Amino acid sequence: MFFVGRFVAFRRLSQQMVFASNNAGDPNMHCHRSLVTLTLRCHRNRKWNSIPTQQHGRYFSSSCPPNSHVIADASRDDGIVVVSLNRPPANTLTLECMSTLRDTIIALEADESVRALVLTASNPTIFSAGLALEELLNPEVDRLGHFWDSFQGLSAALFATPLATACAMEGHAPGGGCVLALTCENRVMSTGRIGLNELALGLPPPWWICDLLSRVVGERVGEEMVQEARLVTPSEALELGLIDVVAPAGRAVETAVQCLQPKLRLQDHARAVVKKQRREVFARQMRDRLAEDRSWFVNTITSEHMQRTVATYLESLGKR
C-alpha cells in the first residue's frame, strides 16, 4: 500500500466523455461532485448510451477535466471493457481517484452490453503503488475517514461486482495495488513485484486485506507473506497461486482477456449468481465492519508515531 516509485507514463487520450455524480446523499460517495472520465476508443457502431442516467442521478458531457484518473476503453466487441488507472507517475490512490474508479464500475454494471472488466494501468512499469501517502500526512480527520471508506468501499465493489473481472499488471503492485488485484477473479502479471508490504512502514493491514490474500494463497502462506512484508516476482507469485499467468512483457491485457474466455462462454446471469454465492458473505462483512475499520485506520494514522513515520518516508522520497 505504501510502496512509492517514480515512473512517468504518457498516453494519448481520444474520444472523451465525462461522467458526473451528484449522489451527495449516498453515504458511499464522499465527494459532493466527483468526476469520472471515460475515455472510450469506440468503433463505428458502438455507442456508450445504455447507462440509465436518471436512475443514478448522473449525466454525460463532452467536456473533459484536466486529470483523467480512469480510462475506460470500450472499443472491443466482446463485452470486455479495459479500465486503466491513469494517475502518473505511480497510480497512487487518492480519495478522488478511488471515487472515480468506483463510479466507473457502477457505470459499467449499468450497461447491459458490458460483460467483463479488465483492470490495468496506463503506466507500462507500475500497476499501482497503493494508497497515496500524501493523504496520510497531517490529515484532516473527516477526509481521512472518507479516504478509508472510499478504499474499503471500492475494494468491496470490485470484489462483489457481477461482472467477470481480471487484473492485468505490467510492473509493480505493492500494498493497495495488490489489494485491487486480489479483489479480481483472475490476475496476470508480466514484470515487477507484488505483495502486501504495509508492515515495512509499521502499519498492520486490517483483517479484510489479510483475508483477501488468504482466500487466494491459503492461510499459512498468506500469514507469512503479510508478517514478512514480502514482495514477490511474477514467477514466485505464480508458484504461490497469487497470480494465474505470467504474461510476456507488454501483453498482460491480452493475456487477461484470454483468462476471461472460459467465463464468457457461459451465460452471464448464471455465472453471476454463482459468483454472488461465493463472495456475498465476505463482501457483506467488509461493508458491515466499515465503521469499525475506519475508526481503527484514523486512530492509527493520526498517532504521533505513524505521523513521524509517514513524514520521514515522504521526505526520503522528496514528496513532503
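Coordinates for the structure precede this section.
Here the structure is a predicted model, which is why all the values come from computation and not from measurement.

## What about the overall build of the protein?
Tallying secondary structure elements over the protein gives eleven helices and eleven strands in all. Surface accessibility of the protein: about 14000 Å² in total, with carbon and sulfur atoms responsible for 50%.

## Re the pairing of strand β4 (residues 70-73)
Going residue by residue along β4, you find V70 and A72 tucked away on one face and I71 and D73 tucked away on the opposite face as well. Pairing between β4 and strand β5 (residues 80-85): four bridges, direction antiparallel. Bridged to V70 within β5 is L85. Counted between consecutive antiparallel strands, the loop separating β4 from β5 contains six residues, among which G79 sits at a positive phi close to 85°.

## Some remarks on the pattern of salt bridges
Within the structure shown, the criterion is met by 14 salt bridges. Linking R220 and E224 is a salt bridge whose minimum nitrogen-to-oxygen distance equals 3.3 Å. Of this pair, R220 and E224 both sit in helix α6 (residues 219-227), four residues apart, which is roughly one turn of that helix. Assessed through its relative accessible area of 63%, R220 is described here as exposed. Its relative accessible area of 29% is what places E224 among the partly exposed residues. Note that R284 is salt-bridged to E280, the shortest N-O span being 3.7 Å. Taken as a pair, R284 and E280 lie in helix α9 (residues 268-288) at a separation of four residues, close to a single helical turn. Residue classification places R284 among the partly exposed residues on the basis of a relative accessible area of 37%. A relative accessible area of 32% places E280 in the partly exposed class. When salt bridges that share partners are traced, they join R220, E224, E228 and R230 into one network.

## Some remarks on the packing of helix α3 (residues 141-160) against helix α5 (residues 207-217)
Taken N-terminus to C-terminus, the directions of α3 and α5 make an angle of 25°; their axes are 12 Å apart at the nearest point. The angle between α3 and α5 falls in the class roughly parallel. Crossing handedness for the pair α3 and α5: left-handed. Contacts from W148, F151, Q152, S155 and F159 in α3 reach W208, I209, L212 and R215 in α5.

## Some points on unusual backbone geometry
Cis rather than trans, the peptide bond between P88 and P89 has omega equal to 5°. Position of P89 among the secondary structure elements: in the loop between β5 and α2 (95-109). In the Ramachandran plot, N138 falls in the positive-phi region, its phi being about 45° despite a non-glycine side chain. One can find N138 in the loop between β6 (116-121) and α3.

## Brief notes about the packing of aromatic side chains
How two aromatic rings sit relative to each other is given by the distance of their centres and the angle of their planes. Under the counting rule described, the total for this entry stands at nine aromatic pairs. Look at F151 and W208: their rings are 5.7 Å apart centre to centre, the planes differ by 50°, and that puts the pair in the tilted class. Taken together, the residues span a long stretch of sequence, with F151 in helix α3 and W208 in helix α5 at a distance of 57 residues. Grouping residues by exposure puts F151 and W208 together as buried. Grouped by ring-pair contacts, the aromatic residues F147, W148, F151, W208, W296 and F297 constitute a single cluster. Its end group placed over the ring of F159, R279 keeps NZ or CZ at 4.4 Å from the ring centre.

## Focus on the sheet that holds β4
What the six strands build is an open sheet, ordered β4-β5-β6-β7-β9-β11; its pairing is mixed. At either end of the open sheet lies a strand with only one pairing partner, and these are β4 and β11 (245-246). Strand direction decides the pairing type here: β6 and strand β7 (residues 164-169), joined by four bridges, are parallel. Paired with L117 across the two strands is T165, which belongs to β7.

## Remarks on the nonpolar core
Across soluble globular proteins, nonpolar side chains have a tendency to be buried as a group. Residues V83, F127, F151, M169, I194, W208 and L242 are the most contacted members of the largest nonpolar core, which totals 67 residues. The dominant element in this core, judged by the number of residues it contributes, is α3, at eight residues. Setting aside chain neighbours within four positions, we find V83 in contact with V70, I71, A72, L101, T104, L108, L117, V118, L119 and T120. In this structure, I80, V118, A168 and V188 belong to the second largest nonpolar core, which totals 15 residues.

What counts and what doesn't
Residues numbered from 1 in each chain as written. Predicted model: local features only at pLDDT ≥ 70, side-chain atom pairs only at ≥ 80, totals over all residues. Heavy atoms only, no water. Helix = DSSP H or I, 4+ residues; strand = E, 2+ residues; numbered from the N terminus. Areas by Shrake-Rupley, 256 points an atom, 1.4 Å probe, with all protein chains shown as cover. Buried < 20%, exposed > 50% of the residue type's maximum accessible area, 1.4 Å probe, protein only. Pairing = 2+ DSSP bridges. Salt bridge = Lys/Arg side-chain N within 4 Å of Asp/Glu carboxyl O. Axes fitted to C-alpha atoms, helices over the stretch in contact; angles between N-to-C directions. Parallel < 35°, antiparallel > 145°, perpendicular 65-115°, else oblique. Left-handed = near helix turned anticlockwise from the far one by under 90°. Contact = heavy atoms within 4.5 Å. Phe/Tyr/Trp six-rings, centres within 6.5 Å; stacked < 30°, edge-to-face > 60°. Lys NZ or Arg CZ within 6 Å of the ring centre and 35° of its normal. Core = buried A, V, L, I, M, F, W, Y, C linked by side-chain atoms within 4.5 Å.

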